[in-house]
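Structural overview for review
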Amino acid sequence: MSLMDQLTQVVTQQVTQQAANKTGLNEGIADKMMPMAMAAIMAGLKKNASSPDGAAALASALDNHDGSLLNNVSELGNANVIADGQKMLSHILGGKQQQTEMALAKSAGVDQSQIAQLLAMAAPAVLASLGRAKREQGLDASALAGLVTEESVRFQNSAPAELGGLMNFLDQDGDGDFKDDLMEAAGKKLLGGLFGRK
């Protein structure tokens, strides 16, 4: 089972209601947006791990994430875990964090603050999954970078094509900017009848 499948099944299926309660999102929207939040995080990690120094830094950071969090995913709603997630996002997305939050919020027709919380719940889960894979498979920095790239592509391929602009933005150097005129169309495709309902 790929990390994407593992995260989608374990986190999305078990944490949706809790995520909705924490963020104030409609439960259906939380269910649809959690995989998108994880996709954005994985895209940021892919970019960070694209250099040898970045891959080494990620490998070192994952020593603190053994994957045990996935055995009790209800902890993702814990205030301390969310606070840690917010710190992780600042490292993973850097100067692109706010624009990522805005883009995902626009695609779902919800507030940016709600997506920010969802991302903060998703980040610890993504790192726990990678940390477990690193430990169980004995991955070095180079192999870890390869895994992150592979899983990022999986997530991107499972996302609506209209969200490709955000994923490409996360893969670029610098903070930059991106055109988000397709984000609403992506949201309609992704959320269907739930689009715009909070």
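Residues numbered from 1 in each chain as written. Predicted model: local features only at pLDDT ≥ 70, side-chain atom pairs only at ≥ 80, totals over all residues. Heavy atoms only, no water.

With that settled, the discussion passes to the packing of helix H4 (residues 79-92) against helix H6 (residues 112-137). Put simply, H4 and H6 touch, their axes get as near as 7 Å, and they point 85 degrees apart. Relative to H6, the element H4 is oriented roughly perpendicular. Contacts between H4 and H6 involve Val81, Ile82, Gly85, Gln86, Met88 and Leu89 from the first element and Ala116, Leu119, Ala120, Met121, Ala123, Pro124 and Leu127 from the second. Looking at side-chain class alone, the contact of H4 with H6 contains 11 nonpolar, 2 polar and no charged residues. (Axes fitted to C-alpha atoms, helices over the stretch in contact; angles between N-to-C directions. Helix = DSSP H or I, 4+ residues; strand = E, 2+ residues; numbered from the N terminus. Parallel < 35°, antiparallel > 145°, perpendicular 65-115°, else oblique. Contact = heavy atoms within 4.5 Å. Nonpolar A, V, L, I, M, F, W, Y, C, P; charged D, E, K, R; others polar.)

Take the nonpolar core next. One finds Ile41, Leu45, Leu76 and Leu130 to be the most contacted residues of the largest nonpolar core, which totals 65 residues. Counting residues per element, the ones that place at least two in this core are helix H1 (3-23), helix H2 (27-48), helix H3 (52-61), H4, helix H5 (97-108), H6, helix H7 (141-158) and helix H8 (164-170). For Leu130, the contacting residues outside a window of four places in its chain are Leu3, Met42, Leu45, Leu62, Leu147 and Val148. (Core = buried A, V, L, I, M, F, W, Y, C linked by side-chain atoms within 4.5 Å. Buried < 20%, exposed > 50% of the residue type's maximum accessible area, 1.4 Å probe, protein only.)

Our next topic: the pattern of salt bridges. Taken as a whole and judged by the stated rule, the model has 3 salt bridges. A salt bridge links Asp63 to Lys134, with the shortest nitrogen-to-oxygen separation between them at 2.8 Å. Pair noted here: Asp63 is in the loop between H3 and H4 and Lys134 is in helix H6, with a separation of 71 residues, a long-range link. One salt-bridge network, in which partners are shared between bridges, spans Glu150, Glu151 and Arg154. (Salt bridge = Lys/Arg side-chain N within 4 Å of Asp/Glu carboxyl O.)

Once that is clear, we can look at the environment of Leu70. Secondary-structure assignment places Leu70 in the loop between H3 and H4. With 59 residues separating them in the primary sequence, Leu70 and Val11 have C-alpha atoms 8.0 Å apart. Every residue in contact with Leu70, bar those within four places of it in the chain, is listed here: Gln6, Leu7, Val10, Ala125, Ala128, Ser129 and Arg132.

This part takes up H3. Within the sequence span of H3, burial applies to Gly54, Ala55, Leu58 and Ala59. Along H3, the residues classed as buried sweep out an arc of 135 degrees about the axis, all on the same side. For H3, exposure combined with an orientation more than 90 degrees from the buried face picks out Pro52 and Asp53. Among the structural elements, H2, H6 and H7 are those in contact with the buried residues of H3. (Arc of directions from axis to C-beta.)

Glancing now at the environment of Met88. One can find Met88 in helix H4. Placed 31 residues apart in sequence, Met88 and Leu119 show a C-alpha to C-alpha distance of 9.8 Å. Non-local contacts of Met88, meaning those with residues more than four positions away in its chain, are made with His65, Ala123, Pro124 and Leu127.

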